[in-house]
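Listed here are the chains, written in short residue letters.
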Amino acid sequence: MRLRIGARLFEGPGPFLMGVVNATPDSFSDGGRFLDPAAAAAQAERLAAEGADLVDLGGESTRPGATPVDATEERRRVVPVIARLRAGGFRLPISIDTCKAEVARAALDAGADLVNDVQGLADPAMARAVAEAGAPVVLMHMRGTPATMAQHCAYADLLGEVAAELRAGLARAAAAGIPAAQVILDPGLGFAKTPEQSVELLARVGELRALGHPLLVGPSRKRFIGHLTGAPVEDRLPGTLAAVTACVLAGVELVRVHDVAAARQAALVAAALRDARGGAPAALR
Ligand code: HH2
């Protein structure tokens, strides 16, 4: 990949680590821990010290059944964190995890550098906001909303349909004037996917390289790991590291994780293995 995100040029196969900070009361694994702006900013600093390449800040949980948050409240949760980090000289790019154009705009104005939209630019106002700001964007695959996505897991051809729906997202981005070179794609593990479907996507994620965009994958602590292992959410780090390894071997450039120090070790070992066998497998076209 070759993409400037804020002050940093992301170049080469990576893997690059996106550290997660949720300024929410109800996120599925770290809800309530970083609702206070000082605690959220301190967590971002901690993840930077552990080796994160960028941080992803969210003010609304996307877990199934989470209470929706209005834009005013979501802004109130995230903007002070970004302002605080930037005032303190935080050196990493900041990604804003939001589906709302108004929140994305406020976050970018406060010093965020990348928009992470789990709705894949479903809202034309979001596509316009990203285009107008000239910001790079993560376009994630899902169907419906976090409240309804569990009812939208019927696929005849999982990989084919996810790829086609990501292509539709790319068309929405292009129509809004977002340059193709600014778009990162994400298959959305756990979003309108059963645990079995998340496993299949993870196993075949390298096929999505044929779309010609950098890939981001977020396996961290997710339900498919609990489904495979029986581990509760607070005990899914080993499974997460196996998933990170699989991503890197498949040629995924960016991985979104809560536990950066541990993921960094797994990612470095996996990258060495990937490179020792001559790089990621060629993308099928
Ligand atoms: N997963 C979550 C949130 N945002 N963004 C991208 N691009 N990809 C993902 O897989 C992804 C994401 C869910 O994890 P988390 O932020 O920990 O939980 P919550 O949504 O409950 O805040």
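Computed from a prediction, not measured in an experiment: that's the story for all the values here.

Participant: Is there a simple way to think about the side chain of K222 in this case?
Facilitator: Within the element layout of this structure, K222 appears in the loop between β9 (216-217) and α7 (223-229). Here K222 sits buried without a salt bridge, and the closest side chain of opposite charge, D186, lies 6.6 Å off (N-O distance). Look past the residues within four positions of K222 in its chain and what remains in contact with it is F28, L189, F191 and R236.

Participant: Before we go on, may I ask you to explain the site of the ligand in this structure?
Facilitator: Inspection of the region around the ligand gives 18 residues, with S27, S61, T62, D186 and K222 positioned closest. Note that an oxygen atom of the ligand is positioned 2.6 Å from one of the side-chain N or O atoms of K222. Across the shell around the ligand, the residue classes tally to six nonpolar, seven polar and five charged.

Participant: What is the right way to look at the packing of aromatic side chains in this model?
Facilitator: Remark: the centre distance and the inter-plane angle together describe each pair of aromatic rings, the angle taken between the planes. Inspection of every chain in the model, using the stated rule, returns one aromatic pair. Relative to F16, the ring of F10 lies with its centre 5.0 Å away and its plane at 80 degrees, an arrangement referred to as edge-to-face. The pair F10 / F16 is uniform in exposure class, with both members buried. The ring of F10 carries R8 above its face, with NZ or CZ at 4.6 Å from the centroid.

Participant: How do you make sense of the pairing of strand β3 (residues 16-22) when you look at a structure like this?
Facilitator: Of all seven residues making up β3, seven are buried, and the element is well covered by its neighbours. What you see with β3 is no split at all: F16, M18, V20 and N22 on one side and L17, G19 and V21 on the other are buried throughout. Of the strand pairs in this sheet, β3 and strand β10 (residues 254-257) are connected by four bridges, and their pairing is parallel. In the strand pairing of β10, G19 is matched with V257. As defined by bridge partners, β3 adjoins strand β4 (residues 54-58) across five bridges and the pair is classed as parallel.

Participant: Quick question: what am I supposed to make of the pattern of salt bridges here?
Facilitator: Opposite charge on two side chains makes pairing possible when the charged atoms of those side chains draw close. According to the stated counting rule, one finds 17 salt bridges in the structure shown. Here D113 ties to R86 by a salt bridge, and the two come within 2.7 Å at their closest N and O atoms. Of this pair, D113 sits in the loop between α3 (101-110) and β6 (114-117) while R86 sits in helix α2 (residues 71-87), placing them 27 residues apart in sequence. Given the relative accessible area of 26%, R86 is considered partly exposed. Taking the shortest distance from any N to any O, the salt bridge between R143 and E161 comes out at 2.9 Å. Linking R143 in the loop between β7 (137-140) and α5 (158-176) with E161 in helix α5, this pair joins segments that are 18 residues apart in sequence. Taking relative accessible area as the criterion, R143 reaches 16% and is therefore assigned buried. The class for E161 is partly exposed, based on a relative accessible area of 21%. One network of salt bridges, in which partners are shared, links D56, D97 and R256.

Participant: When you look at the environment of R143 in this model, what are you seeing that I'm missing?
Facilitator: Taking C-alpha positions, R143 is 9.8 Å from V118, a pair spaced 25 residues apart along the chain. Once residues within four sequence positions are removed from consideration, R143 is found in contact with M149, H152, A154, Y155, E161, E165 and A192. Separated by 3.1 Å, the side chain of R143 and the backbone oxygen of A154 make a polar contact.

Participant: What is the right way to look at unusual backbone geometry in this model?
Facilitator: In this structure, the amide linkage connecting G14 to the following residue, P15, adopts the cis form with an omega of 10 degrees. Here the phi dihedral of L121 falls at roughly 60 degrees; this positive angle occurs in a residue that is not glycine. Assignment of secondary structure puts L121 in the loop between β6 and α4 (124-133).

Participant: Explain the packing of α5 against helix α6 (residues 195-203) here, please?
Facilitator: Angle between the axes and distance between the axes are the two parameters that describe a pair of packed helices. Between α5 and α6, the least distance of the axes is 10 Å, while the angle of their chain directions is 75 degrees. Accordingly, the angle class assigned to the pair α5 and α6 is roughly perpendicular. Within the contact between the two elements, α5 uses L158, L159 and V162 and α6 uses Q197, E200 and L201.

Participant: Would you mind going over α2 with me for this structure?
Facilitator: Since the α-helix turns once every 3.6 residues, residues separated by three or four places project in the same direction. Between its terminal C-alpha atoms α2 stretches 23 Å, which fits the 24 Å expected from 17 residues at 1.5 Å a residue. Of the residues making up α2, those classed as buried are A71, E74, R77, V78, V81, I82 and L85. Those residues of α2 that are buried lie in contact with α1 (37-50), β4, β5 (94-97) and α3. Near the N-terminus of α2, the side chain that reaches the backbone nitrogen of T72, with its oxygen 3.2 Å away, is that of D70. Positive backbone phi, approximately 80 degrees, marks G89, located one or two places after α2.

Each value, and the rule that gives it
- Residues numbered from 1 in each chain as written.
- Predicted model: local features only at pLDDT ≥ 70, side-chain atom pairs only at ≥ 80, totals over all residues.
- Heavy atoms only, no water.
- Helix = DSSP H or I, 4+ residues; strand = E, 2+ residues; numbered from the N terminus.
- Buried < 20%, exposed > 50% of the residue type's maximum accessible area, 1.4 Å probe, protein only.
- Lys, Arg positive; Asp, Glu negative; His and termini not counted.
- Salt bridge = Lys/Arg side-chain N within 4 Å of Asp/Glu carboxyl O.
- Contact = heavy atoms within 4.5 Å.
- Near = heavy atom within 4 Å.
- Polar contact = N/O pair within 3.5 Å; in protein donor to acceptor, adjacent residues only side chain to side chain.
- Nonpolar A, V, L, I, M, F, W, Y, C, P; charged D, E, K, R; others polar.
- Phe/Tyr/Trp six-rings, centres within 6.5 Å; stacked < 30°, edge-to-face > 60°.
- Lys NZ or Arg CZ within 6 Å of the ring centre and 35° of its normal.
- Pairing = 2+ DSSP bridges.
- Axes fitted to C-alpha atoms, helices over the stretch in contact; angles between N-to-C directions.
- Parallel < 35°, antiparallel > 145°, perpendicular 65-115°, else oblique.
- Expected span 1.5 Å × (residues − 1).

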